[in-house]
Amino acid sequence: MKSSSAATAPRPGPARGRIRRQLPSSPWLFAAPGLAIVGIFILYPFVSTVINSFTDKRTLLPGEYIGLDNFRELLHDEMFWIGLRNSTLYVVGVVPALVLLPLLLAMLVQKHIPGITFFRSAFYTPVVASVVVVGLIWVWMLDERGLVNAVLEAVGVGRLGFLSDQWLLLFSAMAVTVWKGLGYYMIIYLAALANVPRELHEAAAVDGAGAVRRFFTVTVPAVRSTMVLVAALSSVAAFKVFSEVYLMAGPNGGPAGEDTTLVMLVQRVGTGLTGRVGYASAISVVVFVVTVALMLLVLRADRKEDA
């Protein structure tokens, strides 16, 4: 009986040998699909854009190396400065609102009151809605004969040119961006608020601190790193805005193109059969440099506060 059981017992030796003979490159085989996607859809387009920015390439022509001529032309291009102005104003107008308002909204929906689940879903609905659908809805509402102007006329204010005035159109697009991004950043703040100890609020309340004081002395310091993250994400997204302004201002960028943003200028210059791909690539490089600079400024401000 002992010899029979010994004969049928599994031998662990070969299995251990197979494990030892695994190739060192085996982990890279699992990462290869992801690395291939990053290389094809991110690294290659980035490198190609940088290279094209130093050429006079067009849509149907390969182009030749022209050095910094595209960047010199940017300095004398009025539309480039208009796009830079509008993109910068977009950051200034949108980022503070997207840093503060979602935090207040998250504090509101964090409370356990009847029906709060409905409001959480309602606040998040614009995030999952298509930006094209959202833009068209707001265009209909802000049209000269739309709902907003009808209400303003009913209360005696009169009709406003939300889609025809240069500044009203830009501020209307900012409002749509803030409205659509509230729910997304609210979710981020909800995750951060869940990690704030309730004992801190209770201790502050015992010391006589009111709701406003607890907000600035307890909540804000506890979620400051999240506020920095939201500021960085919203800054990059605001500077690269395209869809909202394009849908509300049209492909020409509003009256006389005064509401054109940098990304809209890239699309306008670099597309079509006669598109100047090299010049559009140069504008794209400027957009990339500015967005990286914005993120570095936000991170540096955070480090100064930590110091």
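Residues numbered from 1 in each chain as written. Predicted model: local features only at pLDDT ≥ 70, side-chain atom pairs only at ≥ 80, totals over all residues. Heavy atoms only, no water.

## Examining the overall build of the protein chain
On a plain count of helices and strands, the protein chain comes out with 15 helices and 0 strands. Over its C-alpha atoms the protein chain spans a radius of gyration of 27 Å, topping by over 25% the 19 Å that the globule rule assigns to 307 residues. Here the protein chain, with 307 residues, has 34% of them falling under the buried criterion. Partitioning the contacts of the protein chain with sequence separation of at least 6, the portion at a separation of at least 24 is 68%. Total accessible area on the protein chain is roughly 18,900 Å²; 68% of this is exposed by carbon and sulfur atoms. Of the side chains in the protein chain, 25 bear a positive and 19 a negative charge, and the two mean positions are spaced by 20 Å. (Helix = DSSP H or I, 4+ residues; strand = E, 2+ residues; numbered from the N terminus. Rg over C-alpha atoms; globule rule 2.2 N^0.38 Å. Buried < 20%, exposed > 50% of the residue type's maximum accessible area, 1.4 Å probe, protein only. Contact = heavy atoms within 4.5 Å. Areas by Shrake-Rupley, 256 points an atom, 1.4 Å probe, with all protein chains shown as cover. Lys, Arg positive; Asp, Glu negative; His and termini not counted. Charge placed at Lys NZ, Arg CZ, Asp CG, Glu CD.)

## Remarks on helix 14 (residues 262–270)
Turning to helix 14, its buried residues are L262, M264, L265, V266 and V269. The positive-phi residue at the C-terminal boundary of helix 14 is G272, with phi of around 95°.

## Description of the side chain of S53
As for its placement among the helices and strands, S53 is situated in the loop between helix 3 (26–52) and helix 4 (69–75). Classification of S53 as buried rests on a relative accessible area of 0%. In contact with S53, not counting residues within four places along its chain, are G67, N70, F71, G278, S281, A282 and V285.

## Here's the deal with the confidence of the model for the protein chain
The predicted model of the protein chain has a mean per-residue pLDDT of 87, with 91% of residues at 70 or higher. Looking at the elements of the protein chain, mean pLDDT is at its lowest for helix 1 (residues 2–8), recorded as 51, and at its highest for helix 4, recorded as 95. (pLDDT = per-residue confidence, 0-100.)

## Some points on the packing of aromatic side chains
One pass over the full model with this rule turns up 9 aromatic pairs. Residues Y184 and Y185 carry aromatic rings whose centres are separated by 5.1 Å and whose planes lie at 80° to one another, so their mutual orientation is edge-to-face. In this structure Y185 comes out as buried when scored by relative accessible area, which is 7%. A centroid spacing of 5.0 Å and a plane angle of 20° characterise the contact between F242 and Y246, whose relative ring orientation is stacked. By relative accessible area, which is 27% here, Y246 ends up partly exposed. Members of the aromatic cluster, each reached through a chain of ring pairs, are F118, F119 and F123. When the ring centre of Y279 is taken as origin, the NZ or CZ atom of R276, which lies over that ring, is 4.5 Å away. (Phe/Tyr/Trp six-rings, centres within 6.5 Å; stacked < 30°, edge-to-face > 60°. Lys NZ or Arg CZ within 6 Å of the ring centre and 35° of its normal.)

## Section: the environment of M141
The residue M141 is located in helix 7 (residues 131–142) in this model. Residue classification places M141 among the partly exposed positions, given a relative accessible area of 25%. With 50 residues separating them along the chain, M141 and A191 place their C-alpha atoms 34 Å apart.

## Side note on unusual backbone geometry
Even without glycine at this site, A256 takes up a positive phi of about 55°. Its place among the elements puts A256 in the loop between helix 13 (243–249) and helix 14. Classification of A256 as exposed rests on a relative accessible area of 71%.

## Description of the packing of helix 7 against helix 9 (residues 166–193)
In the contact formed by helix 7 and helix 9, the axes pass within 11 Å of each other and the chain directions differ by 135°. Judged by the angle between their axes, helix 7 and helix 9 are oblique. The hand of the helix 7/helix 9 crossing is right-handed. Every residue of helix 9 that contacts helix 7 at V131, V134, W138 and L142 is listed here: S172, V176, W179 and K180. Each residue belonging to the contact of helix 7 with helix 9 can be placed in one class, and the counts come to 6 nonpolar, 1 polar and 1 charged. (Axes fitted to C-alpha atoms, helices over the stretch in contact; angles between N-to-C directions. Parallel < 35°, antiparallel > 145°, perpendicular 65-115°, else oblique. Left-handed = near helix turned anticlockwise from the far one by under 90°. Nonpolar A, V, L, I, M, F, W, Y, C, P; charged D, E, K, R; others polar.)

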